[in-house]
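# Residue-level structural notes
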Amino acid sequence: MEVRTGVGPPPAGGGLGAGKSTSSSRAARATAVPWARFSAWLECVCVVTFDLELGQALELVYPSNFQLTDKEKSSICYLSFPDSHSGCLGDTQFSFRMRQCGGQRSPWHADDRSYNSRAPLSLQREPAHYLGFVYFRQVKDSSVKRGYFQKSLVLVSRLPFVRLFQSLLSLIAPEYFEKLAPCLEAVCNEIDQWPAPMPGQILNLPIMGVVIQVRIPSRLDKLESSPPKQCDQENLLPAPVVLASVHELDLFRCFRPVLTHVQTLWELMLLGEPLVVLAPSPDMSSELVLALTSCLQPLKFCCDFRPYFTIHDSEFKELTTRTQAPPNVVLGVTNPFFIKTLQHWPHVLRIGEPKMSGDLPKQIKLKKPSRLKTLDTKPGLYTLYTAHLHRDKALLKRLLKGVQKKRPWDAQSALLRRHLLELTQSFIIPLEHYMASLMPLQKSITPWKSPPQIRPFRQDEFLHSLEHAGPQLTCILKGDWLGLYRKFFKSPHFDGWYRQRHKEMAQKLEALHLEAICEADVEAWMKDKSEVEVVDLVLKLREKLVRAQNHQLPVKEMTLHRAQLYIETVIGSLPKDLQAVLCPP
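Residues numbered from 1 in each chain as written. Predicted model: local features only at pLDDT ≥ 70, side-chain atom pairs only at ≥ 80, totals over all residues. Heavy atoms only, no water.

If you look the protein up in an unreviewed UniProt entry, it shows as DENN domain containing 6B from Jaculus jaculus. Listed in UniProt under the heading Sequence similarities (unreviewed entry), the comment for the protein reads: "Belongs to the DENND6 family." (UniProt positions renumbered as here; feature names shortened; annotations may be inferred.)

Put into structure tokens, the structure is as follows:
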């Protein structure tokens, strides 16, 4: 496949990103870089069309000076169209995730640390992948040779705000398909004036005469099954469209055909098992994959996942090879060819066509992988995996009762989300308690010695602690919890969780050590110390101060101020020649 270069709007150096006055130094810095505010939300906007000679072709990239590699362009083209098996007529929305290949990075990449330090782990910016949010239209059109108008509008971002970007596309795409490039230019101008995505704050985002009001969750939020209610403190006209969440999907709708196996699927996700989701269309495959990867919250999903994947993908051979064990990835596909290609994978979830009635669809059954030999495989979860925990029948009864009583789907989703959240918390709380016990006591932290080490995580010691402090204290589900923990220790999610917690604890230790130094009598300490030792203290304090100022250490502003005064006091006690070296003019 070739990629056609499109003619985009003029480069944005002259005024689209510049000229906005603001009191914030961060915003002022942003306006100095063209498209900086736009880049805080999106990497670029792409238009993919169908060309009779080339197939899928990239018609336009906005901003026009945003550079994608040839491999990235090819991936966007193939992933932005449903494959021929889907037969999607009308409008279809879906999403994909693809690996970055070393193309241009937006001006805001340097500021990832500030956003990521405030955002929950699951909502942090993707460091090595792009997320694509697609609005595809296929309608009959006699003026086109093929007889069909086929075009996709794609928002490319590193933020996993699926609900926000789908809502945005619902506003932009229909208008764009009617008015084309001028409309898109105006929309991108508006996005380039949005405030930065700041976790914990209510943000008003004007677009095409509508104000979308969102609140990005903060890592300081209390964990709940639904986000805190938003309060509009401004008299906005027109009244804003309030999005309850920037990222949460309608879990109940996504899981309707597999409700009886939600717990088994939760375990497969927890253990990072390879899973193929074969669905009739890319919207179903991408929604189910995203729902599966979100069901571990507040744990961060540490494995690879592809909401929509095709045989044309540049990583097709890498992910489907039989020469090694299947990778830890959740693949969403629509081409039945994958059943044959991925027969060696341990878990395949086949979803059938959705039913439009309000009743609960027929639940898929557990089946042996050996029955995966034909291209017309029936819906089912093909696996030899046996769940460690017993099924929660009370949850299924409540959901079924909700269907019978016509309970709103958002209420059903809230029920399901709370169940999964409580299940994950019950599993993770014993790990958190044990990890906290590995932290050295605060009284062992002294100012003039290196901070003590965090004790190593001993799996047997942890498993023994479950007898009196296990998940049975917070969860009524019975089953082989020990077996589940043993398997979890071998998964990417344990490794990801442990590394993150160990890093946070090490930072806390360093912060406590800095506080201990600031509370000590530094002048008394210096009396019998050599110049080398004093200079060494200055250098170490400066290093800690820089780390703390870059939000890598959890310290108070007062501690930072005192540390700065300490450095000045210590330097002032040294000879003039050393002062000149440590504080050059």
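### Structural notes on the overall build of the protein
Scanning the protein from N- to C-terminus turns up 20 helices and 14 strands. Burial analysis of the protein (585 residues in total) assigns 51% to the buried set. Considering only contacts in the protein between residues 6 or more positions apart, those separated by 24 or more positions represent 72%. When the accessible surface of the protein is split by element, carbon and sulfur atoms take 53% of a total near 28400 Å². (Helix = DSSP H or I, 4+ residues; strand = E, 2+ residues; numbered from the N terminus. Buried < 20%, exposed > 50% of the residue type's maximum accessible area, 1.4 Å probe, protein only. Contact = heavy atoms within 4.5 Å. Areas by Shrake-Rupley, 256 points an atom, 1.4 Å probe, with all protein chains shown as cover.)

### A few points about the sheet that holds strand β12 (residues 347–350)
Taken in spatial order, the 6 strands line up as β10-β11-β9-β12-β14-β13 in an open sheet, and their pairing is mixed. The sheet is open, and its two borders are formed by β10 (304–306) and β13 (366–367), each paired with just one other strand. Across the face of the sheet, helix α9 (residues 282–294) comes into contact with β9 (275–278), β10, β11 (329–333) and β12 while running at roughly 160 degrees to β11. (Pairing = 2+ DSSP bridges. Axes fitted to C-alpha atoms, helices over the stretch in contact; angles between N-to-C directions.)

### Considerations on the nonpolar core
Core analysis: the biggest nonpolar cluster contains 110 residues, and W41 and F255 have the highest contact counts within it. Ignoring anything within four residues of it in the chain, the contact list for F255 reads V262, L288, A291, L292, L416 and L420. Judged by nonpolar contacts, the second largest core, of 24 residues, contains L541, L560, I571 and L574. (Core = buried A, V, L, I, M, F, W, Y, C linked by side-chain atoms within 4.5 Å.)

### Examining the sheet that holds strand β4 (residues 129–140)
The 5 strands are arranged β2-β1-β5-β4-β3 in an open sheet whose pairing can be described as antiparallel. Looking along the sheet, the strands with just one partner apiece sit at the ends: β2 (55–62) and β3 (90–99). Strand-to-strand twist in this sheet, taken as the mean axis angle between neighbours without regard to direction, amounts to 25 degrees. Across 10 bridges, β3 lies against β4 in antiparallel orientation. Bridged to T92 within β4 is F136.

### Focus on the environment of I454
Within the secondary structure, I454 is located in the loop between α13 (409–437) and α14 (459–469). Exposure remark for I454: the relative accessible area of 13% places this residue in the buried category. Distance from I454 to A436, taken between C-alpha atoms, is 9.6 Å for residues 18 residues apart in sequence.

### Describing unusual backbone geometry
In this model, Y62 is joined to P63 through a cis peptide bond whose omega is 0 degrees. Checked against the element boundaries, P63 lands in the loop between β2 and α3 (70–79). Note that the residue after Q297, namely P298, is joined by a cis bond; omega there is 15 degrees. Mapped onto the fold, P298 is located in the loop between α9 and β10. In this model, M208 sits at a positive phi of 50 degrees, which is unusual for a non-glycine residue. Structurally, M208 is set in the loop between β6 (202–207) and β7 (210–215). Residue M208 is classed as partly exposed on the basis of its relative accessible area of 29%. Positive phi outside glycine occurs at K406, with the angle close to 60 degrees. Among the structural elements, K406 can be located in the loop between α12 (393–404) and α13.

### As for the environment of Q442
Structurally, Q442 can be placed in the loop between α13 and α14. The exposed category is assigned to Q442, whose relative accessible area is 55%. In this structure, the C-alpha to C-alpha distance between Q442 and P452, residues 10 residues apart in sequence, is 9.7 Å.

### Thoughts on the confidence of the model for the protein
Chain-level statistics for the protein give a pLDDT mean of 84 and a share of 87% at 70 or above. Here residues 1–31 is modelled with pLDDT under 50, and outside its nearest four sequence neighbours on either side it reaches 62 contacts, counting other chains as well. (pLDDT = per-residue confidence, 0-100.)

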